[in-house]
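# Secondary and tertiary structure notes
Listed below are the residues making up each chain.
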Amino acid sequence: MATADVTVMGAGVFGLSVAYTCARKGAAVRVIDLHGVASGSSGGLVGALAPHVPENWNEKKAFQFESLIMAEAFWHDVAALSGVDVGYARSGRLQPLADARAVELAKARAGTAAELWQGKARWEVISSGDANWMPPSPTGLVAHDTLSALIHPRQATRGLADAVIALGGEVVGAGDMHGKIVWATGWPGIQEIGGKGVKGQAALLRFDAAGQPQLFADALHIIPHGDGTVAIGSTSEREFDDPFATDAALDDVLERATLAFPILHGAEVLERWAGVRPRSKSRAPVLGAHPTRDGEYIANGGFKIGFGMAPKVGEVMAALVLEGEDRIPQGFRA
Ligand SMILES: Cc1cc2nc3c(=O)[nH]c(=O)nc-3n(C[C@H](O)[C@H](O)[C@H](O)COP(=O)(O)OP(=O)(O)OC[C@H]3O[C@@H](n4cnc5c(N)ncnc54)[C@H](O)[C@@H]3O)c2cc1C
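Thresholds, definitions, all that
- As a convention, each chain's residues are numbered from 1 in the sequence order in which they are written.
- Side-chain atom pairs in this predicted model are given and counted only at pLDDT of 80 or more, local residue features only at pLDDT of at least 70, and totals for whole chains, interfaces and linings cover all residues.
- Here the side-chain values reflect all heavy atoms present in the structure, with hydrogen atoms and water set aside.
- Helical segments are the DSSP runs of H or I of at least four residues, strand segments are the runs of E of at least two, and each set is numbered from the N terminus.
- How far a helix is expected to stretch is found by multiplying one less than its residue total by 1.5 Å.
- Any residue under 20% of the maximum accessible area for its type is buried, any over 50% is exposed, and the rest in between are partly exposed; the area is computed with a 1.4 Å probe on protein chains only.
- Contact definition: two residues touch when any of their heavy atoms are within 4.5 Å.
- Take the buried Ala, Val, Leu, Ile, Met, Phe, Trp, Tyr and Cys residues and link them wherever side-chain atoms come within 4.5 Å; each set so joined is a nonpolar core.
- Near residues are defined by distance, with any heavy atom within 4 Å of the molecule or strand qualifying the residue.
- Any pair of nitrogen or oxygen atoms within 3.5 Å is treated as a polar contact; in protein, a donor-acceptor pairing is required on top of that, and neighbouring residues in sequence qualify only through side-chain atoms on both sides.
- Here, any two strands with at least 2 DSSP bridges between them count as paired.
- Axis definition: a line fitted to C-alpha atoms, over the contacting stretch in the case of helices. Angles run 0 to 180 degrees between N-to-C directions.
- Any Lys or Arg side-chain nitrogen located within 4 Å of an Asp or Glu carboxyl oxygen qualifies as a salt bridge.
- Here a Phe, Tyr or Trp ring, Trp counted by its six-membered ring, pairs with any other such ring whose centre lies within 6.5 Å, and the pair is stacked when the planes are under 30 degrees apart, edge-to-face when over 60, and tilted otherwise.
- Seen with the strands pointing away from the viewer, any crossover whose path from the first strand over the helix to the second strand runs clockwise is right-handed.
- Domain segmentation is taken from an automatic or database assignment of domains.
- As used here, buried area is the combined drop in accessible area, with a 1.4 Å probe, of two parts when they are placed together.

### Re helix H4 (residues 153-166)
- Its 14 residues place the ends of H4 20 Å apart at the C-alpha level, agreeing with the 20 Å of an ideal helix rising 1.5 Å per residue.
- Of the positions making up H4, those classed as buried are Pro153, Ala156, Thr157, Gly159, Leu160, Ala161, Ala163 and Val164.
- Against the buried residues of H4 lie helix H1 (13-24), strand S2 (29-32), helix H2 (59-82), strand S8 (170-172) and helix H7 (306-323).

Pasting the structure below:
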C-alpha cells in the first residue's frame, strides 16, 4: 500500500476494531505495531463480555450495552472474513447470591434490566439446582443474565488483524504514517496522557465446559471457552515490578476459583499469563481528538472491559475519522 487513508498505531483490540470498521467502510487502512498483533493486554486469556449491572444507568453503561448487543454480528463477520475462530458465544452468566440482601438486589435488577436492556436480554434469579456447571450458592439461588458473552481474546485480535488484511489493509511492524492518524497504543499511550497501567494475571485450565454459561464468583471470571479450556481471571495490581511475570498472586486466584467452584479442582493449568490494562483517569475509554497530538485521534482506556467495548469503539471512531461525525459520549473525551 503506497499511502493510507487511515493509519492506526497499535494492534490491540481497540486499534484493530477501529481499523477494521474503517476498512469495512472502504478506507485504505494501515495498522502499525512495533511489537506485533496482540502483544499488549489484548493478547490474554479471559474474554468476558460481561455487562455492568442494570441500574444507575449512565452513558458508559449505555455505550457498553449497545456494544454488547452489536458484538454477535461484529464478531461473526470478523470470523467469516478472516477464517479465524474468534471463540464468540452469547453464553450468559451465573453469579451465586450469598445472602438475603444479595437476593433482594438481584431481584430488583431483574426489573431494571427489563426496562434498560430493552427486551434484548434478561436478568433473572433462578434456583441453583443440581447441574454440574453451577456455582455453589449459600441461598440456593443465582443471578442469571442472558446479555453476557465470551470470546477468545488472543484469537479475536488475530481474527481482526486478518480481517483488516482480507479487506485490503496492512498490519505491519513499521512503516510511514499516512492520512488520519489514530493512536491506540494501550498502556504506554494512556500513560502519556496521565492514565495508568493496572496489571492483571490470569490462567487457562484444561477443562471442557464448552457451551456452558460463564461464572462470576468471588470477583473472579470463570470463562468456559469453546475449545475445551476454562480461563480464570484476574488479579488487579496497581503496583508491580515486572508487568509480564506471573507469581503467587495468580496462585491465590486459582485457589479462590477452586473454592468458589470446586469442580475445577485438579484441572491442569495450561498457561499462566500477565498483561497491563490501560486505565484512564476517569476509568472510562478515551476516544476522539488526541489531547496532545494536534489533528490526530486517540482510542484508548479499555481498562477491564476493552473487548466488550471494542465493536462500538470501532463504530464511533470510524464515523469521526472518516465522516467527521461525532457520536462520542461526552465523558469519553480526552
Ligand atoms: C488479565 C487481564 C484480563 C482481562 N480480562 C478482560 C475481560 O475478561 N474482558 C474484557 O473486555 N477485557 C479484559 N481485559 C482488558 C482488555 O484486555 C483491555 O481493555 C484491552 O486489551 C485493551 O486493548 P488496547 O487495544 O487498548 O490495548 P493493547 O491490547 O495493550 O494494545 C496496544 C498495542 O499498542 C502497541 N504499541 C504500544 N506503543 C506503540 C507505539 N508507539 N507504536 C505502535 N504500537 C504501539 C502495543 O505493542 C500493543 O500491541 C483484561 C486485561 C487483562 C490484563
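### Digging into the nonpolar core
- Counting 59 residues, the largest nonpolar core has Val29, Trp75, Val182, Leu287, Ala299, Val313 and Met317 as the members making the most contacts within it.
- Those elements that place two or more of their residues in this core are strand S1 (6-9), H1, S2, H2, helix H3 (100-116), H4, strand S16 (297-300) and H7.
- Among the elements that take part in this core, H7 stands out by supplying nine residues, more than any other.
- When residues no more than four places from it in sequence are discounted, the contact partners of Val29 are Met1, Ala4, Val6, Ala19, Cys22, Ala23, Val164, Gly169 and Glu170.
- With 20 residues, the next largest nonpolar core counts Leu205, Phe207, Ile232 and Leu264 among its residues.

### Considerations on the site of the ligand
- The full set close to the ligand counts 34 residues, and Asp33, Ser42, Ala48, Phe303 and Phe307 are the nearest of them.
- At 3.0 Å from an oxygen atom of the ligand is found a main-chain nitrogen or oxygen belonging to Phe14.
- The separation between a nitrogen atom of the ligand and a polar main-chain atom of Lys304 is 3.0 Å.
- At the level of elements, H1, helix H5 (186-192), strand S10 (196-206), strand S14 (269-279) and H7 are the ones that each hand at least two residues to the shell around the ligand.

### Let's talk about the sheet that holds S16
- Strand order in the open sheet formed by six strands is S8-S2-S1-S9-S16-S15, with mixed pairing between adjacent strands. The sheet terminates laterally at S8 and strand S15 (286-289), the two strands that pair on one side only. Averaged over all neighbouring strand pairs, the angle between strand axes comes to 20°, with direction disregarded.
- As defined by bridge partners, S15 adjoins S16 across four bridges and the pair is classed as antiparallel. Following the sheet pairing, Ala289 is matched in S16 by Tyr297.
- Strands in contact with H4 are S2 and S8; relative to S8, the strand with the most contacts, it is inclined by about 130°.

### Some remarks on the pattern of salt bridges
- Per the counting criterion, the structure on display carries 18 salt bridges.
- Notably, a salt bridge pairs Lys25 with Glu323, separated by 3.4 Å at the nearest N-O pair. With Lys25 in the loop between H1 and S2 and Glu323 in helix H7, the pair connects residues that are 298 residues apart, well separated along the chain.
- On the accessibility criterion, Lys25 (43% relative accessible area) is partly exposed.
- Through salt bridges with shared partners, a single ionic network connects Glu66, Lys312, Glu315, Glu325 and Arg327.

### Digging into the packing of aromatic side chains
- Following the criterion strictly, the structure yields eight aromatic pairs and no others.
- Between Phe74 and Trp75, the ring centres sit 5.0 Å apart and the planes meet at 80°, which makes this aromatic pair edge-to-face. The pair Phe74 / Trp75 is uniform in exposure class, with both members buried.
- Judged by centre distance (4.8 Å) and plane angle (90°), the rings of Trp133 and Phe261 are edge-to-face.

### Considering the pairing of S2
- Here S2 shows no split at all, with Val29 and Val31 on one side and Arg30 and Ile32 on the other all buried.
- Direction of pairing for S1 relative to S2: parallel, over a ladder of four bridges. Residue pairing across strands places Thr7 opposite Arg30, the latter belonging to S2.
- With H1 bridging S1 and the parallel S2, this β-α-β connection has right-handed handedness.
- Sheet topology places S2 next to S8; three bridges connect them, and they run parallel. Looking at S8, one finds that Val31 is bridged to Val171.

### Concerning the domain arrangement of the protein
- Along its sequence, the protein is organised into domain 1 (93-146) and domain 2 (196-276).
- In this structure, domain 1 and domain 2 have C-alpha centres spaced 22 Å apart.
- In this assembly, nine residues from domain 1 lie in contact with 15 residues from domain 2.
- Of the roughly 990 Å² buried between domain 1 and domain 2, counting both surfaces, carbon and sulfur atoms make up 76%.
- Interface area lost by domain 1 to domain 2 is led by Arg93, Leu94 and Trp133, which between them contribute 64%.

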